[in-house]
Amino acid sequence: MPGLKHDDPFARLGDRASLLYELGCAFAERIELEELIPLVMAKCRDAFDAEGAAVLLLDPTRNELFFPYIAADEDADVAAQLRELRFPADRGIAGAVLQSGRPIRVDDAASDPRFYGGVDRRTRLTTRALLSVPLTCRQGTIGVMQVLNPRSGGCFSDDDLAFLEALAGSIAVAIENARLYADLKAAAAVLEQRVAERTRELRDKNAELEQTLAQLQQTQQQLIVQEKLASLGALTAGIAHEIKNPLNFVTNFAGLSAELAGELGDILRAEQERLSDAARADVPELLDALVLNVEKIGEHGKRADSIVRGMLQHSRGAAGTPEPTDLNALLAEYVALAQHGIRAQHPTVHIAIETAYDPAVGTVHAVPQDLSRVFLNIINNACYAAHEKRRQLGDGFSPTVAIRTHNRGDHVEIRIRDNGPGIPPAVRAKLFTPFFTTKPPGSGTGLGLSISHDIIVQQHHGEIRVDTEEGSYTEFIIVLPRA
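Residues numbered from 1 in each chain as written. Predicted model: local features only at pLDDT ≥ 70, side-chain atom pairs only at ≥ 80, totals over all residues. Heavy atoms only, no water.

## Quick word on the overall build of the protein chain
Scanning the protein chain from N- to C-terminus turns up 11 helices and 13 strands. Taking all 483 residues of the protein chain together, the buried fraction comes to 37%. Summarising the internal contacts of the protein chain: among those between residues at least 6 apart in sequence, 67% fall at separations of at least 24. As displayed, the protein chain has an accessible area near 26900 Å², and 54% of this comes from carbon and sulfur atoms. (Helix = DSSP H or I, 4+ residues; strand = E, 2+ residues; numbered from the N terminus. Buried < 20%, exposed > 50% of the residue type's maximum accessible area, 1.4 Å probe, protein only. Contact = heavy atoms within 4.5 Å. Areas by Shrake-Rupley, 256 points an atom, 1.4 Å probe, with all protein chains shown as cover.)

## Here we look at the sheet that holds strand β12 (residues 463-469)
The strand order across the open sheet formed by five strands is β8-β10-β11-β13-β12, and the pairing between neighbours is mixed. Whereas interior strands pair on both sides, the edge strands pair on one side only; in this sheet they are β8 (352-356) and β12. The average undirected angle you get between the axes of adjacent strands in this sheet is 15 degrees. Two elements, strand β10 (residues 400-407) and strand β11 (residues 411-418), share seven bridges in a ladder whose sense is antiparallel. For V401, the partnering residue across the bridge sits in β11 and is D418. Contacting β8, β10, β11, β12 and β13 (473-481), helix α9 (residues 368-393) runs over the sheet at an angle of about 25 degrees to β11. (Pairing = 2+ DSSP bridges. Axes fitted to C-alpha atoms, helices over the stretch in contact; angles between N-to-C directions.)

## Thoughts on the packing of aromatic side chains
Enumeration over the complete set of coordinates arrives at zero aromatic pairs. Above the ring of F66, the side-chain terminus of R86 is found at 4.7 Å from the ring centroid. It is R417 that lies over the ring of Y473; its NZ or CZ is 3.8 Å from the centre. (Phe/Tyr/Trp six-rings, centres within 6.5 Å; stacked < 30°, edge-to-face > 60°. Lys NZ or Arg CZ within 6 Å of the ring centre and 35° of its normal.)

## As for the side chain of S372
Mapped onto the elements of the fold, S372 is located in helix α9. Owing to a relative accessible area of 8%, S372 belongs among the buried residues under this scheme. A distance of 2.5 Å separates a polar atom in the side chain of S372 from the backbone oxygen of Q369. In contact with S372, not counting residues within four places along its chain, are L330 and Y334. (Polar contact = N/O pair within 3.5 Å; in protein donor to acceptor, adjacent residues only side chain to side chain.)

## Points about the environment of D418
Within the element layout of this structure, D418 appears in strand β11. D418 gets classed as buried once you look at its relative accessible area, which sits at 5%. On a C-alpha basis, the gap between D418 and C383 in space is 7.2 Å, while along the polypeptide they are 35 residues apart. Among all residues touching D418, those that are not within four sequence positions of it are A382, A385, T400, V401, S472, Y473 and T474. Within the structure, the side chain of D418 is placed 2.8 Å from the backbone nitrogen of G420, a separation counted as a polar contact.

## As for the pattern of salt bridges
For the structure shown, the criterion picks out 15 salt bridges. One salt bridge connects R62 with E64, and the closest N-O pair in it is separated by 3.4 Å. Residue K296 is joined to E299 by a salt bridge in which the shortest nitrogen-to-oxygen separation is 3.9 Å. Here K296 and its partner E299 are both found in helix α7 (residues 277-318), three residues apart, which amounts to about one turn of the helix. Looking at E299, the relative accessible area reads 47%, which means it is partly exposed. Each of the salt bridges in this network shares a partner with another, and the network as a whole consists of R408, E413, R415, R417 and E475. (Salt bridge = Lys/Arg side-chain N within 4 Å of Asp/Glu carboxyl O.)

## Some remarks on the confidence of the model for the protein chain
The predicted model of the protein chain has a mean per-residue pLDDT of 79, with 79% of residues at 70 or higher. Looking over the protein chain, one finds the lowest element-wise mean pLDDT in helix α5 (residues 118-123), namely 53, and the highest in β11, namely 95. Within the model, the stretch residues 1-6 combines pLDDT values under 50 with 23 contacts to residues more than four positions away or in other chains. (pLDDT = per-residue confidence, 0-100.)

## Thoughts on the nonpolar core
Residues L327, F375, I379 and I478 are the most contacted members of the largest nonpolar core, which totals 36 residues. For this core, the secondary-structure elements that each account for two or more residues are α8 (327-345), β9 (363-366), α9, β10, β11, α11 (448-459) and β13. Ignoring sequence-local partners within four residues, the contact set of L327 consists of V361, G362, V364, L371, F375, V412, I414 and L480. Grouped together as the second largest cluster of nonpolar side chains are 34 residues, I37, L164, A168 and I171 included. (Core = buried A, V, L, I, M, F, W, Y, C linked by side-chain atoms within 4.5 Å.)

## Digging into helix α4 (residues 92-100)
Buried within α4 are the following residues: G92, I93, A94, G95, V97 and L98. At the exit of α4 stands G101, carrying a positive phi of roughly 75 degrees.

## A look at unusual backbone geometry
Of note in this structure, N63 is not a glycine but carries a positive phi near 55 degrees. By relative accessible area, N63 is classed as partly exposed at 44%. For H461, which is not a glycine, the phi torsion comes out positive at approximately 55 degrees.

## Looking at α9
Taking 1.5 Å of rise per residue, the 26 residues of α9 would be expected to cover 38 Å, and the 37 Å separating its terminal C-alpha atoms lies within 8% of that figure. In terms of burial, α9 is largely enclosed, as 20 of its 26 residues are buried. Just past α9, the residue G394 takes up positive phi, approximately 95 degrees. (Expected span 1.5 Å × (residues − 1).)

## What to know about the pairing of strand β5 (residues 129-137)
When a strand is regular, its side chains alternate between the sheet's two faces. The buried fraction of β5 amounts to eight of the nine residues, a majority that puts the element mostly inside the structure. Examined bridge by bridge, strand β4 (residues 104-106) and β5 share three bridges and lie antiparallel to one another. Paired with I104 across the two strands is S132, which belongs to β5. Count of turn residues in the β5/strand β6 (residues 140-149) antiparallel hairpin: two residues.

## Notes on a nonpolar patch on the surface
Among the surface-exposed residues, F249, F253 and L256 lie close enough to one another that they form a single nonpolar patch of about 330 Å² accessible area. Relative to the helices and strands, F249 resides in helix α6 (residues 158-270). (Patch = residues over 30% accessible without salt bridge, like charges linked within 9 Å, V, L, I, M, F, W, Y side chains within 5 Å.)

Right, here's the structure in full:
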């Protein structure tokens, strides 16, 4: 292109203004050297009608000049050779400009004693005229900018040299800013990496703290459960001791009464000749009834004594130690106990209890004494609910409680369902709240389900939930892990 080589000074002035505008836009839009400097070199080469343009930067650690940026008409191999070329910073015209800090215009480089021919020999360039100006910024002279032409004599003027020197100042500042940006970018990358590493460390620490907190909360819950159980155990022990003394009298005197009834029978049989005919007919029947009654008193007294002994054993600290437990057998035992309790309280009411035990349930690692509390409490509640519905609906309603177990692989499931009145939505969320009860005043303490929840969830790491439909049924589902 004709570039700046116009004979008309006004046209040349317009070209320079246009070039300055384009370069100003380039400096404003780009900051990275790899994008900015090749563009500047290409525009300078075209503007000065030159064979090529190049920026030579100083490597202060090795005191060498090298060609990072080139714009030339030569093939790619020549450009690659130039980029690999390094020469001492005090050699050639570029070295003279670097050392002196002053621009140089050369019309015939081959005849200039300062010309370093190593560049031409290695790249086959035939440079004649050239302009070489220093790149100076706040850091000092950081390199040299050159435009080259194979024609000699009059290719470049002093005005061209002055204009290139002015451009070089802006280019040097742009290079300095780009280097600072690159340094900041590298520092930001390092900082970002450090922040990421620190974030990972903090995340790991937070995870450890959360795990520790969860363990502490779990331990706290277990301590609360144990404290509740200990308090209940102390209460149970006190009640059991109070019951045991009169119970001993019952069982002991039942045995003595049986002996006395036997002695009385012997005496009456010896004296039967002295009895009236009516008395002789009634005495054997009465004695048999008396003996049978005394035996029943003794039998049930011994059963009650066995239950009291179990309560005392439980309260002395046997609870709290997990052991392999036959779940079906434990559940069946307390289903039978609940049946006896219902019959004793309501002799005229029959509650059908349906059971279906999955043989594959086998054993679970649990505290049997504490699980028995849960089973007995929920079964009693189910029987109570079914009985209350029968009391409301009359003899036409058949109260039923269904109890089933299921093997679920790594956990087992117990379902206790009654066909009672169900639980209203307003009170479902409060079921496991301490001291909350739906029974009439004096009929319940409101602690049974709360303690059951703690035993299943906190102590055994299981789950207890309720499925209910008002007016139809209530089903408690207990899930226990095997280990």
